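Here are the chains, one letter per residue:
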Amino acid sequence: AMGGPDLPFDDSKTVDAPNYADPSNWAALPDREGVEDMIPADIDDTDIQGNASVDVFFVHPTTYVSSEHWNQPLDSETTNERTDDWVMRDQASIFNGCCNVYAPRYRQATLFSFQDLEGDGGRALDLAYQDIKSAFEYFLEALNKDRPFIVAGHSQGSFHVDRLLREEIAGTQLENMLVAAYPVGFSIDGSNGIRICESAEQTNCQVSWNANTVDAGIVLGQPGDICVNPISWTTGEQIVKAGENKGSISFANGTVLDQSIVGAQCKNGTLLVEETKSERYSIMPFGPGNYHYYDYSFFHMDVRDNAILRVKSFLQERSENTLMDTLL
């Protein structure tokens, strides 16, 4: 394992906090063409960027792996390209069927930080969170304009989303505007105060999962963590077969959906999947059997359709409530 940066974390030496009024501090914005507009070739779906009645605030995973700094310098082009070419294209794009996609760039903590939560790593993650909080505040004030929203993320992004849900959303008026939260790919224990989704159309709730095989060396989900099965959208332990998966895709390998790549079963706080035979899903930074990199890609169509369904369900409930208010 790579060691951390040689220098101790020092607040005063990190680059200035990003100004989120500047579009260059966003990896995705609905009024700008980008890879987050990608859609699988063979489906009947349109990118509704800029016209959706719901927004998604998406927090990207760790793409900064350097040991040069504790936090990503925002002008690190290689890191930003990795954020765009992998995350915006393979993860954030999933929400372009339901929502206007907003994804802030932020002074993410370098990957090693998670090995050092009590020390400098924890401080680096806290600094990263301050950016997410300020991006979210700017989003609410200047961009979202009281529309309902989804909050989603992956890995380090979900670590920050978990805290954002706890500190800024749960128990406030914002919780009523939260269609759903998708803090995927991190150990999320459900203590953030947001209900766990038990069905596909439920709203004001959260889903999470961590995909790995039964014999994976490194497992990110812990017993007691939220595991919502992204094919059945239930929390039970039933095995859902690969044939029920609506389609997987990793856009690096083309735009056509793969069918029957994996089924899934929630067990002990983790999402068990079979080992895939496809060469298209072979990136495993956490070792064999850990499919962290494909937490979203494996279930691309399931998540895409689910976000559309929850939005529909939210808007319908809202118009029914409005109707009731008028009648009363």
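Right above here is the structure, for reference.
This is a predicted model, so every value here is computed, not measured. For every chain, the first residue of the written sequence is number 1, and numbering continues from 1 onward in sequence order. The model is predicted, so local features are restricted to residues of pLDDT at least 70 and side-chain atom pairs to those at 80 or more, both for listing and for counting; the totals for chains, interfaces and linings are taken over all residues. Excluded from the side-chain calculations are hydrogens and water; all other atoms, namely the structure's heavy atoms, are used.

Caption draft 1: Looking closely at the sheet that holds strand β2 (residues 55–59). The 7 strands are arranged β1-β3-β2-β4-β5-β7-β6 in an open sheet whose pairing can be described as mixed. Edge positions in the sheet fall to β1 (26–28) and β6 (195–196), since each has one partner strand and no second. Bridge count between strand β5 (residues 178–184) and strand β7 (residues 205–206): 2 bridges; the pairing is parallel. By the bridge assignment, A181 is partnered in β7 with Q206. Contacts between residues were defined by any pair of non-hydrogen atoms, one from each residue, lying within 4.5 Å. Lines fitted to the C-alpha atoms define the axes, with helices restricted to the stretch that makes contact. Angles between their N-to-C directions range from 0 to 180 degrees. For the purposes of this entry, the term helix denotes a DSSP run of H or I that reaches at least four residues, the term strand denotes a run of E that reaches at least two, and both are numbered from the N terminus. Contacts between helix α1 (residues 77–90) and the sheet are confined to β1, β2, β3 (100–104) and β4 (149–154), with β1 contributing the most and set at about 40° to the helix. Pairing between two strands is assigned when DSSP locates at least 2 bridges connecting them.

Caption draft 2: Inspection of a negative patch on the surface at higher detail. Two distance rules govern patches: like charges are joined within 9 Å, and nonpolar side chains (Val, Leu, Ile, Met, Phe, Trp, Tyr) within 5 Å, applied only to residues with over 30% relative accessible area and no salt bridge. Computed with a 1.4 Å probe, the accessible areas rest on the Shrake-Rupley method; for each residue, only the protein chains presented here act as cover. The rule for a salt bridge is simple: a side-chain nitrogen of Lys or Arg has to be within 4 Å of a carboxyl oxygen of Asp or Glu. When charges are counted, neither His nor the chain ends are considered; positive counts come from Lys and Arg and negative counts from Asp and Glu. Charged groups are reduced to one reference atom each: NZ for lysine, CZ for arginine, CG for aspartic acid, CD for glutamic acid. A cluster of like negative charges, contributed by D75, E77, E81 and D85, occupies part of the molecular surface. The topology assignment puts E81 in helix α1. Buried, partly exposed and exposed residues are distinguished by accessible area as a fraction of the type maximum, computed with a 1.4 Å probe on protein chains only: under 20%, between the cut-offs, and over 50%, respectively. Exposure remark for E81: the relative accessible area of 46% places this residue in the partly exposed category.

Caption draft 3: Spotlight on the environment of L7. Among the structural elements, L7 can be located in the segment before β1. Sequence-wise, L7 and D189 are 182 residues apart; in three dimensions their C-alpha atoms are separated by 32 Å.

Caption draft 4: Main features of the state of the cysteines. Cysteine sulfur atoms that come within 2.5 Å of each other are treated as a disulfide pair. Scanning all chains against the criterion turns up 3 disulfides. Covalently, C98 is tied to C99 through a disulfide, its sulfur atoms 2.3 Å apart. Taking the sign of the torsion about the S-S bond as the criterion, the disulfide between C98 and C99, at about -100°, is left-handed. Summarising the burial analysis for this pair, C98 and C99 share the class buried. Residue C197 pairs covalently with C205 via a disulfide, S to S 2.1 Å. Linking C197 and C205, the disulfide has an S-S dihedral of approximately 95° and is accordingly described as right-handed. Take C197: its relative accessible area is 0%, and that puts it in the buried class. Its relative accessible area of 0% is what places C205 among the buried residues. Once the disulfide-bonded cysteines of the chain are ranked by sequence position, their pairing pattern turns out to be 1-2, 3-4, 5-6.

Caption draft 5: Inspection of the pattern of salt bridges at higher detail. Within the structure shown, the criterion is met by 10 salt bridges. Here R105 makes a salt bridge to D84, at a shortest N to O gap of 2.9 Å. Placement of the pair is R105 in the loop between β3 and α2 (120–144) and D84 in helix α1, with a sequence separation of 21 residues. With respect to burial, R105 and D84 carry one shared label: buried. The closest approach of N and O atoms between D131 and R107, which form a salt bridge, is 2.7 Å. Note that D131 is positioned in helix α2 and R107 in the loop between β3 and α2, a separation of 24 residues in sequence. Assessed through its relative accessible area of 1%, D131 is described here as buried. Under the relative-accessibility criterion, R107 is labelled buried at 6%. It is possible to trace a salt-bridge network through shared partners that takes in D126, R163 and E167.

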